[in-house]
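An overview of the molecular structure
What follows is the residue order along each chain.
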Amino acid sequence: MGQAEWAHDLAKDLLETTLPRRWAHTQGVAARAVSLAPILGDEADTLTAAAYLHDIGYAPSLVATGFHPLDGARYLRDVYRADDTLCRLVAHHSCAVNEALERSLFAELTTEFDEERPELVEALTYCDMTTGPDGTPLTATERLAEIHSRYGPEHLVSRSITASTPCILAAVRSVEAALSARA
Ligand SMILES: [Fe+2]
């Protein structure tokens, strides 16, 4: 079984029943990852696996700190002894360090999980930030606006997304440039 197939089954078990909308989003993010095969080659399977796993930290059965990148990455590391690359991608997806700062979990996140290579980190951020909460494709600008309207201006997630916006947009631009160079 490839990593993506294993990750699909695990994420489905954790999200489909308890968080169906999050599962729909997850499947959309994974579809985006598959679409990046022309620029990722052999690493498309790893990226697709990370796409399936990136939000498992929201699953009620594994919430610990309430910071989903860290809860998801720790679960993969501690329960499944998952591949380091997958754990790192989940831990740092979509510029998570900014929300870690807001939650006073920066030291935990960055000492437990190193950054993965930029091309993979940016690819996962692109997939997440160009997919809406129900799995439909969006532009990054639409996605950022959607997050702000869902959480409201005072919410920690909105503040974190504001801090992450330059990092998110740079990732999206980098992937789009790689895609158009291949077209
Ligand atoms: Fe996501």
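Use the structure listed above.
One structure accompanies this document, and this report is about it.

**Some details on the overall build of the chain**
- Secondary structure summary: the chain contains eleven helices and zero strands in total.
- For 183 residues, the compact-globule estimate of 2.2 N^0.38 gives 16 Å, and the C-alpha radius of gyration of the chain, at 15 Å, lies within 12% of that figure.
- Dimensions of the chain, computed from the C-alpha atoms along their principal axes, are close to 40 × 40 × 35 Å.
- Every one of the 183 residues in the chain was classed for burial, and the buried ones make up 49%.
- When contacts within the chain are restricted to residue pairs at least 6 apart in sequence, long-range pairs at least 24 apart make up 66% of them.
- Carbon and sulfur atoms form 54% of the exposed surface of the chain, whose accessible area is close to 8,400 Å².
- Distance from the positive charge centre (15 side chains) to the negative charge centre (27 side chains) of the chain: 3 Å.

**Remarks on the packing of helix H5 (residues 68-80) against helix H6 (residues 84-92)**
- Contact geometry for H5 and H6: axes closest at 7 Å, N-to-C directions at 165 degrees. Taken together, the axes of H5 and H6 lie roughly antiparallel to each other. For H5 against H6, the interelement crossing comes out right-handed. Between H5 and H6, the contacting residues are Pro69, Gly72, Ala73, Leu76 and Arg77 on the first element and Cys87, Val90 and Ala91 on the second.
- Considered class by class, the residues forming the contact of H5 with H6 number six nonpolar, one polar and one charged.

**Focus on the pattern of salt bridges**
- Per the stated rule, a full pass over the model turns up 13 salt bridges.
- Residue Arg88 is joined to Glu116 by a salt bridge in which the shortest nitrogen-to-oxygen separation is 3.5 Å. Of this pair, Arg88 sits in helix H6 while Glu116 sits in the loop between helix H8 (106-112) and helix H9 (118-129), and the two are 28 residues apart along the sequence.
- Look at Arg88 and you get partly exposed, because its relative accessible area is 25%.
- Of the residues examined, Glu116 reaches a relative accessible area of 9% and is grouped as buried.
- The salt bridge involving Arg143 is made with Asp128; its shortest N-O contact spans 3.2 Å. Taken as a pair, Arg143 in helix H10 (residues 140-151) and Asp128 in helix H9 lie far apart in primary sequence, 15 residues in all. Comparing Arg143 with Asp128 shows no difference in burial state: the two are buried.

**Some words on the coordination of the iron ion**
- At this site the iron ion is bound by His25 (NE2), His54 (NE2), Asp55 (OD) and Asp128 (OD), with donor distances of 2.1 to 2.6 Å.
- Considering all four donor atoms around the iron ion, the spread of angles at the metal, 81 to 173 degrees, places the coordination shape in the irregular class.
- Of note, the iron ion draws all its donor residues from one chain, in the sequence arrangement H-x28-H-D-x72-D. One end of the pair, Asp55, is in the loop between helix H4 (44-53) and H5; the other, Asp128, is in helix H9, with 73 residues separating them in the sequence.
- Among the residues examined, Asp55 registers a relative accessible area of 2% and is labelled buried.
- Exposure remark for Asp128: the relative accessible area of 4% places this residue in the buried category.

**Considering the nonpolar core**
- Membership of the largest hydrophobic core comes to 54 residues, with the highest contact counts inside it found for Leu14, Leu36, Leu47, Leu53 and Leu76.
- Of all the secondary-structure elements, those providing two or more residues to this core are helix H1 (3-15), helix H2 (20-35), H4, H5, H6, H9, H10 and helix H11 (156-182).
- If near-sequence neighbours (up to four positions away) are discounted, Leu47 is found in contact with Ala33, Leu36, Leu40, Leu120, Ala123, Leu124 and Cys127.

**Details of unusual backbone geometry**
- At Ser94, a position not held by glycine, the phi torsion is positive, near 55 degrees.
- Unusually for a residue other than glycine, Ser104 sits at a positive phi of about 55 degrees.
- Along the polypeptide, Ser104 turns up in the loop between helix H7 (97-102) and H8.

Calculation notes
Residues numbered from 1 in each chain as written. Predicted model: local features only at pLDDT ≥ 70, side-chain atom pairs only at ≥ 80, totals over all residues. Heavy atoms only, no water. Helix = DSSP H or I, 4+ residues; strand = E, 2+ residues; numbered from the N terminus. Rg over C-alpha atoms; globule rule 2.2 N^0.38 Å. Buried < 20%, exposed > 50% of the residue type's maximum accessible area, 1.4 Å probe, protein only. Contact = heavy atoms within 4.5 Å. Areas by Shrake-Rupley, 256 points an atom, 1.4 Å probe, with all protein chains shown as cover. Lys, Arg positive; Asp, Glu negative; His and termini not counted. Charge placed at Lys NZ, Arg CZ, Asp CG, Glu CD. Axes fitted to C-alpha atoms, helices over the stretch in contact; angles between N-to-C directions. Parallel < 35°, antiparallel > 145°, perpendicular 65-115°, else oblique. Left-handed = near helix turned anticlockwise from the far one by under 90°. Nonpolar A, V, L, I, M, F, W, Y, C, P; charged D, E, K, R; others polar. Salt bridge = Lys/Arg side-chain N within 4 Å of Asp/Glu carboxyl O. Donors = N, O, S within 2.8 Å, 3.2 Å for Na, K, Ca; no water. Tetrahedral: all angles 85-135°; square planar, octahedral: opposite > 155°, others 65-115°. Core = buried A, V, L, I, M, F, W, Y, C linked by side-chain atoms within 4.5 Å.

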